[in-house]
Amino acid sequence: MLRFVLMRYCLIIAASMCVFSMTAPVFAAEQIVLKYRAFRQPFPVRELSTLADTGQPSLPLRAALALAKQDPQKVRNYLTAPVKVNPVILERVLNSPVGNVILDQISSVIHTPTRKTDRQAMRTALVLSAAKDNDIKLIEVIRNYPGKEVEVDGDNLEKAYRQLRSLQGSLQNILGF
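Draft legend 1. Molecular detail of the overall build of the protein chain. Check the secondary structure of the protein chain and you find nine helices and six strands. For the protein chain, the proportion of its 177 residues judged to be buried stands at 41%. A fraction of 64% describes how many contacts in the protein chain between residues 6 or more apart in sequence connect residues 24 or more apart.

Shown next as structure tokens:
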């Protein structure tokens, strides 16, 4: 009986580890540096995730958004608006010359601190985001961004969203619908 209970306990732990390991990339961003005009403010990604998930910014995030004259609900809308994509086609397009242009455009808003591996990091974040549910949300891109830190140009968050919408249109044109 004790052996059965121990075996069951081990199976539950193993299954839990598998589920948790599939929910986020191992090297996903933990910190976001939110840049607005003249200031840069680091936040844990979970604070931006909380805004996206609940609509409630933390006190420090609320203060930063107020200082930048940004409406938290408008920021939330850009973070959570889904862009439908086919992950297989997305991956193919992103590995083409046209895809490189798209990656460079989106990476002008969401990028690595050093700006050295922006294209590869953005490709990874977009593909991981699309793989889960056939759509991409900016908050997923930020959550899936490889590396410990990701920088976001808050003044141009809308631009990044529009670029994702443009990507969706490009994929639809390629597929002919």
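Back to the text.
Draft legend 2. Main features of helix α5 (residues 87–94). Three or more residues of α5 are buried, namely I89, L90, V93 and L94. Down the axis, α5 shows its buried residues gathered within 130° of arc, on one side only. Between the side-chain oxygen at the start of α5 and the backbone nitrogen of V88 there is a gap of 2.9 Å, and the oxygen is on N86.

Draft legend 3. Representation of the sheet that holds strand β6 (residues 149–153). If you trace the four strands from one edge of the open sheet to the other, you get β2-β1-β6-β4, paired in mixed fashion. Where the open sheet ends on each side, the last strands, each with one partner, are β2 (39–44) and β4 (110–111). Across six bridges, the pairing between strand β1 (residues 31–36) and β2 is antiparallel. Counted as the bridge partner of L34 is Q41 from β2.

Draft legend 4. Broad picture of the pairing of β6. With four of five residues buried, β6 is to be regarded as a mostly interior element. In the sheet, β1 pairs with β6 via five bridges, with the strands oriented parallel. Paired with Q31 across the two strands is E149, which belongs to β6. Where β4 lies against β6, two bridges are found, and the strand directions are antiparallel.

Draft legend 5. Broad picture of the nonpolar core. Core analysis: the biggest nonpolar cluster contains 45 residues, and L79, I110, L126 and I142 have the highest contact counts within it. Aside from chain neighbours lying at most four places away, what touches L126 is L90, L94, L103, I106, I136, V141 and L164.

Draft legend 6. How the structure looks around the environment of L51. With respect to the element layout, L51 can be found in helix α2 (residues 45–54). A residue is classified by how much of its surface remains accessible, and L51, at 0% relative accessible area, is buried. Other than its neighbours up to four places away in sequence, L51 contacts Q56, P57, L61, L65, P72, V75, R76 and L79.

Draft legend 7. Structural context of the pattern of salt bridges. Considering all chains together, one arrives at 11 salt bridges under this definition. Between D118 and R115 there is a salt bridge, with its nearest N and O atoms 2.8 Å apart. The network of salt bridges with shared partners includes K84, D133, D135, K137 and E140.

Draft legend 8. Summary view of the side chain of D153. Among the structural elements, D153 can be located in strand β6. There is no salt bridge for the buried D153, and the closest opposite charge comes from K35, which lies 6.0 Å off by N-O distance. Residue contacts for D153: discarding those within four places in its chain leaves K35, S108 and V109.

Draft legend 9. Seen up close, the confidence of the model for the protein chain. On average, the protein chain scores 82 in pLDDT, and the residues at 70 or more come to 80%. No element of the protein chain has a lower mean pLDDT than helix α1 (residues 2–23), at 39, and none a higher one than α2, at 96. With pLDDT under 50 throughout, residues 2–26 is counted as low confidence; its partners more than four residues away or in other chains account for three contacts.

Draft legend 10. Expanded view of the environment of R37. With respect to the element layout, R37 can be found in the loop between β1 and β2. Distance from R37 to D155, taken between C-alpha atoms, is 7.1 Å for residues 118 residues apart in sequence. Among the polar contacts made by the side chain of R37, one reaches the main-chain carbonyl oxygen of A68 at a distance of 3.0 Å.

Draft legend 11. View of the packing of α2 against helix α4 (residues 72–80). Axis separation between α2 and α4 bottoms out at 9 Å; the angle between their running directions is 90°. What the angle tells us is that α2 and α4 run roughly perpendicular. In this structure, α2 contributes L48, L51, A52, D53 and T54 to the contact, and α4 contributes P72, V75, R76, L79 and T80. Residues that form the contact of α2 with α4 fall into these classes: six nonpolar, two polar and two charged.

Rules of the game
Residues numbered from 1 in each chain as written. Predicted model: local features only at pLDDT ≥ 70, side-chain atom pairs only at ≥ 80, totals over all residues. Heavy atoms only, no water. Helix = DSSP H or I, 4+ residues; strand = E, 2+ residues; numbered from the N terminus. Buried < 20%, exposed > 50% of the residue type's maximum accessible area, 1.4 Å probe, protein only. Contact = heavy atoms within 4.5 Å. Arc of directions from axis to C-beta. Polar contact = N/O pair within 3.5 Å; in protein donor to acceptor, adjacent residues only side chain to side chain. Pairing = 2+ DSSP bridges. Core = buried A, V, L, I, M, F, W, Y, C linked by side-chain atoms within 4.5 Å. Salt bridge = Lys/Arg side-chain N within 4 Å of Asp/Glu carboxyl O. Lys, Arg positive; Asp, Glu negative; His and termini not counted. pLDDT = per-residue confidence, 0-100. Axes fitted to C-alpha atoms, helices over the stretch in contact; angles between N-to-C directions. Parallel < 35°, antiparallel > 145°, perpendicular 65-115°, else oblique. Nonpolar A, V, L, I, M, F, W, Y, C, P; charged D, E, K, R; others polar.

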